[in-house]
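A structural walkthrough
Listed below are the residues making up each chain.
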Amino acid sequence: QVQLVESGGGLVQPGGSLRLSCAAPGSIAGLKSMGWYRQAPGKQRELVASQTNDGSTTYVDSVKGRFTISRDNAKNTVDLQMNSLKSEDTAVYFCNAAYSRLILGDGNYWGQGTQVTVSS
């Protein structure tokens, strides 16, 4: 499977901001959406934000009004601008690309994960 390349994680104080970036190494056939998931220790992975090819966006309730997802369809990249960060946002963040193909069906590509730590 193709691995997506992530950058932008780090340590930030509560109320601060970070911007995560993700890029595919090449074109993804059948791409239908790109987004970000996160997983904290002992918790299930959850969808943070995603955007379909036509621009429709989805956010988990806990980040609405604070996070903004953006895509460049031509470059197959996706960014996540995170503002007003809280300690509850601490997690490993994974970039995701979902595809749908006639023969292979539905599937996902993933990034390696980048750590976001919000602490004073």
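Some details on the packing of aromatic side chains
- In total, this model carries two aromatic pairs according to the counting rule given.
- Residues Y99 and Y109 carry aromatic rings whose centres are separated by 5.0 Å and whose planes lie at 40° to one another, so their mutual orientation is tilted. In this pair, Y99 sits in strand β9 (residues 91–101) while Y109 sits in strand β10 (residues 105–111), placing the two residues 10 residues apart along the sequence. Side by side, Y99 and Y109 carry an identical accessibility label, which is buried.
- The ring of Y37 carries the charged tip of R45 above its face, separated from the ring centre by 5.3 Å.

A look at the side chain of T114
- With respect to the element layout, T114 can be found in strand β11 (residues 114–118).
- One polar contact links the side chain of T114 to the main-chain amide nitrogen of G9, over a distance of 3.3 Å.
- Excluding residues within four positions of it along the chain, T114 makes contact with E6, G9, L20, A91, V92 and Y93.

Details of the pairing of strand β4 (residues 31–39)
- Judged from the eight bridges that link them, β4 and β9 form a sheet pairing that is antiparallel. Residue pairing in the sheet places L31 in a bridge with Y99 of β9.
- Strand direction decides the pairing type here: β4 and strand β5 (residues 46–52), joined by six bridges, are antiparallel. If you follow G35 over to β5, its bridge partner there is S50.

Comments concerning unusual backbone geometry
- With a phi angle near 55°, N76 is a residue other than glycine that sits in the positive phi range.
- Mapped onto the secondary structure, N76 falls in the loop between β7 (67–72) and β8 (77–82).
- What makes N76 buried here is its relative accessible area of 9%.
- Notably, S84 is not glycine yet its phi reads approximately 50°, a positive angle.
- Within the fold, S84 resides in the loop between β8 and β9.
- Given a relative accessible area of 41%, S84 falls into the partly exposed group.

Some thoughts on the pattern of salt bridges
- Counting across every chain of the model gives six salt bridges.
- Of the charged contacts in the structure, one is a salt bridge between D89 and R38, with a shortest N-O distance of 3.0 Å. With a gap of 51 residues between them, D89 in the loop between β8 and β9 and R38 in strand β4 connect regions that are remote in the sequence. Taken as a pair, D89 and R38 share a single burial class, namely buried.
- Here R66 makes a salt bridge to D89, at a shortest N to O gap of 2.8 Å. With a gap of 23 residues between them, R66 in the loop between β6 (57–59) and β7 and D89 in the loop between β8 and β9 connect regions that are remote in the sequence. Judged on exposure class, the residue R66 and its partner D89 are both buried.
- Here the salt bridges do not stand alone but share partners, grouping R38, E46, R66 and D89 into one network.

Reading the values: the criteria
Residues numbered from 1 in each chain as written. Predicted model: local features only at pLDDT ≥ 70, side-chain atom pairs only at ≥ 80, totals over all residues. Heavy atoms only, no water. Phe/Tyr/Trp six-rings, centres within 6.5 Å; stacked < 30°, edge-to-face > 60°. Helix = DSSP H or I, 4+ residues; strand = E, 2+ residues; numbered from the N terminus. Buried < 20%, exposed > 50% of the residue type's maximum accessible area, 1.4 Å probe, protein only. Lys NZ or Arg CZ within 6 Å of the ring centre and 35° of its normal. Polar contact = N/O pair within 3.5 Å; in protein donor to acceptor, adjacent residues only side chain to side chain. Contact = heavy atoms within 4.5 Å. Pairing = 2+ DSSP bridges. Salt bridge = Lys/Arg side-chain N within 4 Å of Asp/Glu carboxyl O.

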